[in-house]
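Observations on chain architecture
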Amino acid sequence: MNTKNLTAVALASAAVAGLGAVSSGPSVSAHFAPGSAVAVADERGSLVADEHLRTLTADDVRTILGQGGFDASTVRRGVDAYRLTYRTVDTKGAATTATGLFVVPRGKRGRLTPVSYTHGTTSYKPDTPSTSTTPWAVGPAYTYAGSGFAAVVPDYLGMGRGPGTHPWKDVPSETTASLDMLRAARAFAPRIGRRLDRDVLVTGFSQGASSALGLARTLQDGADRHFRVKAVAPISGGYDFAGAELPALLNGDLDAKSSALYAAYLLTSWQRIHGGVYGTPSEVFQEPYADRVEKYFDGTTPGPEMFQGMPARLADLLTPRGWALLRNPSGAFAEALRTDGEVCTAWTPRMPVRFYRAETDEQATTVNTDHCVASLRARGVNPRVENLGRPLYQGSLHLGTNVAGTGRIVRWFSSLDA
C-alpha cells in the first residue's frame, strides 16, 4: 500500500538494466484453455511461459542493493532472475494468467527454502518486480536470493504482463495469485536444477503486508498439499482499512497527496471488483478528476503522469457523496472492508509472526499494526512488533520501512533456516 511508490519506480535514480546477461526470449508451454471450474482448479499454478531475465554476480547484486539503500551485507551469492507466467484465477474464480519474478542463488543447487515476498502498491503495469529493473522493484527479491533463498514474487493480477486491470486492495485475489506463483515456481525449479522446500517463509510490504498474512492463512488452512508456512513477517500494512487507515486518511493525519491517491485507487478498484460504489465517477469525484481518474488507475498510465494529474488533497477530489461513502461505508463496500480486515480478525496463526513498522508512518498509519496485533492477541497469539525507527527512502518513512525491514527480516529468516 505504498502510494508514493506509485512514482518511486519512475523516480529511482539508478536503473540497472545494463547489469547481467539477458536471455534471448521466453520458453512457452501449451496454450491455456479456460475449461470447466474443475479444470481451472487443476491447472492453477501451472506454467504458461518462463523467461530468463538476467544473471548477476554477487558484486552486481550488492551494487544494485546499494543503489536502493538496501542492506547488502548478507549477500553471498550471485543470482539468476526469471519471469514466470502462470495460470491462476481472477476475482470471480475464472481462469486467467499472471506473472511474477523468481530469483535463485547461483552456485546453490538442490533444495532451496522459498521466501514469498508480496510488493507494495503500484499503479502502472511495467513497474512491478518481473518487469522493472530498478533497485526498488527488485531489491527484496535480490536480497533474499543473494542470501541463499529462492525469492518468489508475484506481480498480482493485472500487473506486470498479466491481462486485465489490477484489483487493488483485494486480499483474496492477492492470496490466490501468491499461492499460484509458489506453485509455478515449484514446477519450474527442477528445470534449472533446483527444488523448493515445503517450508515457506512469507513476507510483504504495505499492500503486500496484508497479502502476506492472507497467504500465510491459506497455507495454514491446507490450501496446498506441498507447501506449509514456517513464519510470516509483514511490513507496514494497511491491515485495518475500515478502523484505522480510512479514519486517519479522512481526518488529515496522513500525507495529503498520498491520501488522495489511495482514496481514488480504492474507489475505482472496488467499483470494478464489487460494483455499486458509484454509477458514474462524477458521483464521488469532482471535476476535472472524474473524467480521468479511472484511466489513471487502469494500469496503463505511467506513475509520474498520474501523480501530476491528481489533486494535492482529498478536499479537491471527493464530492460530498464520496466523503460520505468513505466515512460511513455500507452495503458491498462495507462488506469488502470487512473481508479485507480478516487477515487479522478471522484466523489464529500457528507459526511465528513478527510485524515490522516505523515509529510513525505518513501513508499507512501505525494504528493499523496496533489493531492487527491486538486482534491476534485476543485470539491467544502474541506476535512480536519490530520498531524500525525512522528509516527514509526518497523522503518517505513508509517506503523506508521496506528497505530497512528487508534487511532485518532476511536475518530472522536465516536464523530460522539454519
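For the structure, see preceding data.
Here the residue index of a chain counts from 1 through its sequence in written order. Given that this is a predicted model, residues contribute local features only at a pLDDT of at least 70 and side-chain atom pairs are listed and counted only at 80 or more, while totals for whole chains, interfaces and linings are drawn from all residues. Calculation of side-chain values draws on the structure's entire complement of heavy atoms; hydrogens and water are dropped beforehand.

**Focus: the side chain of Arg357**
- Within the secondary structure, Arg357 sits in strand β11 (residues 354-357).
- Buried charged residue Arg357 carries no salt bridge. Nearest counter-charge: Asp370, at 4.3 Å.
- Residues count as neighbours in contact if any of their non-hydrogen atoms are within 4.5 Å of one another. Each residue touching Arg357, except ones within four places of it in the same chain, is listed here: Ser236, Thr366, Thr369, Asp370, Val385, Glu386, Asn387, Leu388, Gly389 and Thr401. Strands are runs of DSSP state E lasting at least 2 residues, helices are runs of H or I lasting at least 4, and numbering of each runs from the N terminus. Between buried and exposed lies partly exposed: a residue is buried under 20% and exposed over 50% of the maximum accessible area for its type, with that area taken using a 1.4 Å probe on protein chains only. Counted charges follow a simple rule, with Lys and Arg positive, Asp and Glu negative, and His plus the chain ends left uncounted. Whenever Lys or Arg places a side-chain nitrogen within 4 Å of a carboxyl oxygen from Asp or Glu, that contact is recorded as a salt bridge.

**Here we look at the pattern of salt bridges**
- On inspection of all chains with the given rule, the structure shows 20 salt bridges.
- A salt bridge links Arg161 to Glu51; the shortest N-O distance between them is 4.0 Å. Placement of Arg161 in the loop between β7 (150-154) and α5 (171-188) and of Glu51 in strand β2 (residues 47-56) is noted, with a sequence separation of 110 residues between them.
- Among the charged side chains, a salt-bridge network with shared partners connects Arg44, Asp180, Arg183 and Asp224.

**Some details on the nonpolar core**
- Among buried residues, the Ala, Val, Leu, Ile, Met, Phe, Trp, Tyr and Cys ones that are joined through side-chain atoms within 4.5 Å form a nonpolar core. Leu84, Phe102, Leu196, Leu213, Leu219, Val232 and Phe355 are the most contacted members of the largest nonpolar core, which has 44 residues in total.
- It is α5 that contributes the most residues to this core, eight residues altogether.
- Ranked by size, the runner-up nonpolar core spans 38 residues in total, among them Trp136, Tyr144, Phe149 and Val410.

**Things to note about the packing of aromatic side chains**
- The rule is short: rings of Phe, Tyr and Trp, with Trp giving its six-membered ring, pair when the centres are within 6.5 Å, and they are stacked under 30 degrees, edge-to-face over 60, tilted in between. What the rule picks out here adds up to 13 aromatic pairs.
- Judged by centre distance (6.0 Å) and plane angle (80°), the ring pair of Phe102 and Phe188 falls under edge-to-face. With Phe102 in strand β4 (residues 95-105) and Phe188 in helix α5, this pair connects stretches of sequence that are 86 residues apart. Assigned by exposure class, Phe102 and Phe188 land together as buried.
- For the ring pair Tyr278 and Phe285, a centre distance of 6.1 Å and an interplane angle of 70° mean the geometry is edge-to-face.
- Grouped by ring-pair contacts, the aromatic residues Trp168, Phe241, Tyr262, Tyr265 and Phe297 constitute a single cluster.
- Lys257 extends its terminal NZ or CZ atom over the ring of Phe307, reaching a point 4.7 Å from the ring centre. Should the NZ of a Lys or the CZ of an Arg lie within 6 Å of a ring centre and within 35 degrees of the ring normal, that charge is described as sitting over the ring.

**Observations concerning unusual backbone geometry**
- With an omega of 5°, the peptide bond between Glu287 and Pro288 qualifies as cis.
- Mapped onto the elements, Pro288 comes out in the loop between α8 (256-274) and α9 (293-296).
- Look at Tyr156: it is not a glycine, yet its phi comes out positive at around 85°.
- Take Tyr156: it is sitting in the loop between β7 and α5.
- A relative accessible area of 1% places Tyr156 in the buried class.
- Non-glycine residue Ser206 carries a positive phi angle of around 60°.
- Accessibility expressed as a relative area gives 0% for Ser206, which makes it buried.

**Description of the state of the cysteines**
- Note that a disulfide, as used here, is simply two cysteine sulfur atoms within 2.5 Å. Taken as a whole, this structure holds one disulfide when the rule is applied.
- One disulfide bridge connects Cys344 with Cys372, the sulfur atoms lying 2.0 Å from each other. Here the disulfide of Cys344 and Cys372 is left-handed, its torsion about the S-S bond being about -95°. Taken together, the positions of Cys344 in helix α12 (residues 331-345) and Cys372 in helix α13 (residues 367-378) put the pair 28 residues apart, joining distant regions of the chain.

Note that all results are geometric; they support no functional claim without further evidence.
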